[in-house]
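# Notes for the structure review
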Amino acid sequence: MKLELCVTDPKGLQIAKKYRFDRVELCVNLEMGGLTPSPGLVHMALNLGLETHALIRPRAGGFVYSDAEKELILAEIHALKYLGVHGFVVGALKENKEIDTTLIGEIAKITKGKELTFHRAFDEMAEWEDGVGVLKFFQFKRVLTSGRAANVDEGMKNYTEIKDLFGNDLELMIGGGVNAKNAKELVEDFQPSALHFSGANVIQDKKSMFGGNRMEIDEKKVYSILSSLRD
């Protein structure tokens with residue numbers, strides 16, 4: 001099983017390097033669910049020798065995108081692809097909550113040779129069983145899911161069914177509320193291909209008129225999750 005750290009800043013990159021994570025998912029604005037990272041952050045991750053997968057999400061909110069947003073998604077992929085990222089984390093739905101096969105098909109076409117992960121848009125999908133077939137058709141490597149629920153604790157009842165449908169063609173990566181209390185149970189009960197977490201805290205910045213809440217990785221939380229897996 002691999003461990004993936006969700007990283008939003010240089011501090012997180014150093015933590016991922018220190019604890020030898022198998023890969024990182026890069027994003028920014030984790031408090032919004034994660035948005036596309038900057039080229040600079042991607043460059044720093046690659047320079048540290050980290051297996052780097054970039055989230056492509058142009059804005060907060062759901063996963064139904066306008067034509068202009070779809071153009072932006074493809075442009076962001078082109079820009080980060082040439083920096084040498086190892087994979088992309090993507091997801092897009094239509095108004096009826098089925099996969100936007102047109103956009104996903106375009107993404108699959110321009111990311112040949114890179115690993116594709118379908119993110120937690122999976123947890124909002126209607127007719128998700130059919131969606132699994134779509135992801136297999138476009139040769140996605142894995143799916144990040146909280147078990148089609150708000151978090152992994154609520155989703156535990158669904159993981160066995162999801163994993164059975166994935167079979168050998170899609171890797172199950174569990175994420176969305178992984179912590180030191182549930183990590184070992186998730187691994188032992190469902191044997192996922194990967195565990196995904198950030199170990200982040202909400203930070204309140206009251207010193208600036210432009211301040212606000214943001215999320216920042218807490219090394220103690222990361223260490224506690226890793227320690228729980230070793231117990």
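As a reminder, the structure under discussion sits directly above these lines.
Keep in mind that this is a model prediction, so the values were computed, not measured.

Rules and cut-offs
- Residues numbered from 1 in each chain as written.
- Predicted model: local features only at pLDDT ≥ 70, side-chain atom pairs only at ≥ 80, totals over all residues.
- Heavy atoms only, no water.
- Helix = DSSP H or I, 4+ residues; strand = E, 2+ residues; numbered from the N terminus.
- Rg over C-alpha atoms; globule rule 2.2 N^0.38 Å.
- Buried < 20%, exposed > 50% of the residue type's maximum accessible area, 1.4 Å probe, protein only.
- Contact = heavy atoms within 4.5 Å.
- Areas by Shrake-Rupley, 256 points an atom, 1.4 Å probe, with all protein chains shown as cover.
- Pairing = 2+ DSSP bridges.
- Right-handed = clockwise from strand over helix to strand, strands pointing away.
- 1 Å grid on protein atoms, 1.4 Å probe; cavity = no way out; pocket = protein on both sides within 12 Å on 5 of 7 lines; lining within 4 Å.
- Points joined across faces, edges and corners; volume = space filled by probe spheres on them.
- Phe/Tyr/Trp six-rings, centres within 6.5 Å; stacked < 30°, edge-to-face > 60°.
- Salt bridge = Lys/Arg side-chain N within 4 Å of Asp/Glu carboxyl O.
- Axes fitted to C-alpha atoms, helices over the stretch in contact; angles between N-to-C directions.
- Parallel < 35°, antiparallel > 145°, perpendicular 65-115°, else oblique.
- Left-handed = near helix turned anticlockwise from the far one by under 90°.
- Nonpolar A, V, L, I, M, F, W, Y, C, P; charged D, E, K, R; others polar.

## Remarks on the overall build of the protein
For the protein, the count of helices and strands is eight helices and ten strands. Relative to the globule expectation of 17 Å for 231 residues, the C-alpha radius of gyration of the protein, 17 Å, shows essentially globular dimensions. Each principal axis of the C-alpha atoms in the protein carries an extent, and together these give about 45 × 40 × 35 Å. Relative to its 231 residues, the protein shows a buried fraction of 48%. If you take every contact in the protein between residues at least 6 apart in sequence, the share linking residues at least 24 apart comes to 62%. When the accessible surface of the protein is split by element, carbon and sulfur atoms take 50% of a total near 11,100 Å².

## So, the pairing of strand 8 (residues 194-197)
Alternating residues of strand 8 divide into Ala194 and His196 and Leu195 and Phe197, and every residue in both groups is buried. Of the pairings in the sheet, the one linking strand 1 (residues 2-7) to strand 8 comprises four bridges and is parallel in character. For glutamate 4, the partnering residue across the bridge sits in strand 8 and is histidine 196. Note that strand 7 (residues 171-175) and strand 8 share three bridges and pair parallel. Among the inter-strand pairings, methionine 173 is bridged to a residue of strand 8, identified as alanine 194. For the crossover that starts at strand 7, traverses helix 7 (residues 183-190) and ends in the parallel strand 8, the hand is right-handed.

## Let's talk about the environment of glycine 176
Note on placement: glycine 176 falls in the loop between strand 7 and helix 7. Note: C-alpha distance between glycine 176 and lysine 136 (40 residues apart in sequence) is 22 Å. Among residues more than four places away in sequence, those in contact with glycine 176 are Arg120, Ser146, Asn151, Val152 and His196.

## Describing the layout of surface pockets
Within this model, the largest pocket holds a volume of roughly 650 Å³. The wall of the largest pocket is formed by 32 residues, among which Leu30, Gly33, Arg120, Gly176 and His196 lie closest to the centre. Elements represented by at least two residues in the lining of the largest pocket include exactly strand 8 and helix 8 (219-230). Its boundaries defined by the atoms lining it, the second largest pocket holds a volume of some 160 Å³.

## Some points on the packing of aromatic side chains
Counted by the stated rule, this structure contains seven aromatic pairs. Ring centres of phenylalanine 122 and tryptophan 128 lie 5.9 Å apart, and the angle between their planes is 80°; this geometry places the pair in the edge-to-face category.

## Description of the pattern of salt bridges
All chains considered together, the criterion is met by twelve salt bridges. A salt bridge links arginine 59 to glutamate 69; the nearest nitrogen and oxygen atoms lie 2.6 Å apart. Of this pair, arginine 59 sits in the loop between strand 3 (52-55) and helix 3 (67-81) while glutamate 69 sits in helix 3; the two residues are ten residues apart in sequence, bridging distant segments of the chain. One salt bridge in this structure joins arginine 142 and glutamate 171, with 3.2 Å as the shortest N-O distance.

## Observations regarding the environment of phenylalanine 138
Locating phenylalanine 138 in the fold gives a position in the loop between helix 5 (128-137) and strand 6 (142-145). The class for phenylalanine 138 is buried, based on a relative accessible area of 18%. As a C-alpha pair, phenylalanine 138 and alanine 108 span 30 residues in sequence and 6.3 Å in three-dimensional space.

## Quick notes on the packing of helix 7 against helix 8
Contact geometry of helix 7 with helix 8 gives a least axis separation of 8 Å together with a crossing angle of 45°. Viewed along their axes, helix 7 and helix 8 adopt a mutual orientation that is oblique. Handedness of the crossing formed by helix 7 with helix 8: right-handed. Across the interface between the two elements, Ala183, Lys184 and Val187 from helix 7 touch Ile225, Ser228 and Leu229 from helix 8. The class makeup of the residues in the contact of helix 7 with helix 8 is four nonpolar, one polar and one charged.

## Notes on unusual backbone geometry
Phi is positive for arginine 20, which is not a glycine, with a value near 55°. The topology assignment puts arginine 20 in the loop between helix 1 (10-18) and strand 2 (23-26). Phi is positive for glutamine 191, which is not a glycine, with a value near 45°. With respect to the helices and strands, the residue glutamine 191 is situated in the loop between helix 7 and strand 8.

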